[in-house]
Amino acid sequence: MKTIIASALIATAALTGAANASLSSDVQTYAPGADVSSLTSAETASLHLILSGGDTESEKRNAVRKIVN
């Protein structure tokens, strides 16, 4: 769990405006109509980890929707 949190913090620190725009586009693939502008930095980092992970598309969709809904 500490590794996931540390990874999330590192991912958050590495984000730029372009990465956030890309994140919004990627999230729309799994959760159409989702608004990522009001997410916390931890939620944003978690989304990056989910989207870049090796889970199935169904698992990614479920995980993304849990965060953005």
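For clarity, every value in this text was computed on a predicted model and none was experimentally measured.

1. As for the environment of Asp-26
Alright, step 1. Mapping Asp-26 onto the fold places it in helix H2 (residues 17-30).
Alright, step 2. Residue class for Asp-26 comes out partly exposed when judged on its relative accessible area of 34%.
Alright, step 3. Between the alpha carbons of Asp-26 and Val-64 there is a distance of 10.0 Å; along the sequence they are 38 residues apart.

2. Some points on helix H3 (residues 41-52)
Alright, step 1. Taking 1.5 Å of rise per residue, the 12 residues of H3 would be expected to cover 16 Å, and the 17 Å separating its terminal C-alpha atoms lies within 8% of that figure.
Alright, step 2. Taken residue by residue, H3 has Thr-44, Ala-45, Leu-47, Ile-50 and Leu-51 as its buried positions.

3. Quick word on the confidence of the model for the chain
Alright, step 1. Within the chain, residue pLDDT values average 84, and 75% of them lie at 70 or more.
Alright, step 2. Looking over the chain, one finds the lowest element-wise mean pLDDT in helix H1 (residues 2-13), namely 68, and the highest in helix H4 (residues 57-68), namely 96.

Basis of the calculations
- Residues numbered from 1 in each chain as written.
- Predicted model: local features only at pLDDT ≥ 70, side-chain atom pairs only at ≥ 80, totals over all residues.
- Heavy atoms only, no water.
- Helix = DSSP H or I, 4+ residues; strand = E, 2+ residues; numbered from the N terminus.
- Buried < 20%, exposed > 50% of the residue type's maximum accessible area, 1.4 Å probe, protein only.
- Expected span 1.5 Å × (residues − 1).
- pLDDT = per-residue confidence, 0-100.

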